Amino acid sequence: MPPRRAVDPAALRTALLTVGPWLLDPELPRPSRTDLGAAVKSSARTLEQIAPGSSVEVRVPPFVAVQCVEGPRHTRGTPPNVVETDARTWLLLVTGLLDFADAAGDGRVDASGGRAADIAHWLPLLRLPR
């Protein structure tokens, strides 16, 4: 599979800043599906770039699934290490507004497999100004 086009850091920043007010205040209206999708996809693909590999699959339905983190590669079926969460939780992790261990501990993140929590090493990707 050819590598994806690199995510522009400015585009990632713009996408995250666009949804930032909602992340900081969940009482605000939910961002548009387009804005939410841009933030989720660009952040997951950035993680895929900075932590290349195929040992952990990160899923944020319905927007994106990426493989990252060096280690044993899987090619068929369900991967042994999966991180799955909703868009808001993912973006809170990506922006440093939520700790991975806390989110996994309270069930907001489903992290299965011995290597799933390895993605925490690369988070946050961009801290939001408060």
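Going by the structure above, here's the rest.
First, a word on scope: everything that follows refers to the structure included in this document. The numbers attached to residues start from 1 for each chain and follow its sequence in the written order. pLDDT decides what is reported in this predicted model: residues at 70 or higher carry local features, side-chain atom pairs at 80 or more are listed and counted, and totals for whole chains, interfaces and linings draw on all residues regardless. The basis for every side-chain value is the complete set of heavy atoms in the structure, and neither hydrogens nor water enter the calculation.

**Overview of the overall build of the chain**
At step 1: Counting from the N terminus, the helices are DSSP H or I runs at least four residues long and the strands are E runs at least two residues long. Secondary structure assignment for the chain yields 4 helices and 4 strands.
At step 2: Starting at the N terminus and walking to the C terminus, you meet the elements of the chain as α-α-β-β-β-α-α-β.
At step 3: Note on exposure labels: buried denotes an accessible area under 20% of the residue type's maximum, exposed denotes more than 50%, and partly exposed covers the range between, all computed with a 1.4 Å probe on protein chains only. Every one of the 130 residues in the chain was classed for burial, and the buried ones make up 43%.
At step 4: The averaged location of the 14 negative side-chain charges in the chain is 6 Å from the averaged location of its 15 positive side-chain charges. Counted charges follow a simple rule, with Lys and Arg positive, Asp and Glu negative, and His plus the chain ends left uncounted. Here the site of a charge means atom NZ of a Lys, CZ of an Arg, CG of an Asp or CD of a Glu.

**Focus: the sheet that holds strand β3 (residues 82-85)**
At step 1: Taken in spatial order, the 4 strands of this open sheet run β2-β1-β3-β4, and their pairing is mixed. What marks the edges here is a single partner per strand, and that holds for β2 (64-68) and β4 (109-112). Across the sheet, the axes of successive neighbouring strands diverge by a mean angle of 10°, strand direction being ignored.
At step 2: Where strand β1 (residues 56-60) lies against β2, 5 bridges are found, and the strand directions are antiparallel. Strands pair, by our definition, only if DSSP identifies at least two bridges between them. To obtain an axis, a line is fitted to C-alpha atoms, over the contacting stretch when the element is a helix, and the angle between two such axes runs from 0 to 180 degrees between their N-to-C directions.

**Points about the packing of helix α2 (residues 33-50) against helix α3 (residues 87-94)**
At step 1: Contact geometry of α2 with α3 gives a least axis separation of 10 Å together with a crossing angle of 50°. By the criterion of interaxial angle, the relationship of α2 to α3 is oblique. Where α2 crosses over α3, the handedness of that crossing is left-handed. Contacts between α2 and α3 involve Leu-36, Ala-39, Val-40, Ser-43, Ala-44 and Leu-47 from the first element and Ala-87, Trp-90, Leu-91 and Val-94 from the second.
At step 2: Under the grouping applied here, Gly and all other residues not named as nonpolar or charged are polar, the nonpolar ones being Ala, Val, Leu, Ile, Met, Phe, Trp, Tyr, Cys and Pro and the charged ones Asp, Glu, Lys and Arg. Counted by class, the contact of α2 with α3 contains 9 nonpolar, 1 polar and no charged residues. Here is the rule for angles: anything less than 35 degrees is roughly parallel, anything more than 145 is roughly antiparallel, 65 through 115 is roughly perpendicular, and the remaining ranges are oblique. What makes a crossing left-handed is the near helix being turned counterclockwise from the far one by less than a right angle; a clockwise turn instead makes it right-handed. Note on contacts: a residue pair qualifies if any of its non-hydrogen atoms lie within 4.5 Å across the two residues.

**With respect to unusual backbone geometry**
A negative phi angle characterises most non-glycine residues, just as the trans form characterises most peptide bonds.
At step 1: For the peptide bond that leads from Pro-61 to Pro-62, omega is 0°, which places it in the cis range.
At step 2: For Val-69, which is not a glycine, the phi torsion comes out positive at approximately 70°.
At step 3: For Val-69, the position within the fold is in the loop between β2 and β3.

**Details of the packing of helix α1 (residues 9-24) against α3**
At step 1: Where α1 meets α3, the axes come as close as 11 Å, and the angle between the chain directions of the two elements is 105°. When the interaxial angle is binned, α1 and α3 end up roughly perpendicular. Contacts between α1 and α3 involve Leu-16, Val-19, Trp-22 and Leu-23 from the first element and Arg-88, Leu-91, Leu-92 and Val-94 from the second.
At step 2: Taken together, the residues of the contact of α1 with α3 sort by class into 7 nonpolar, no polar and 1 charged.

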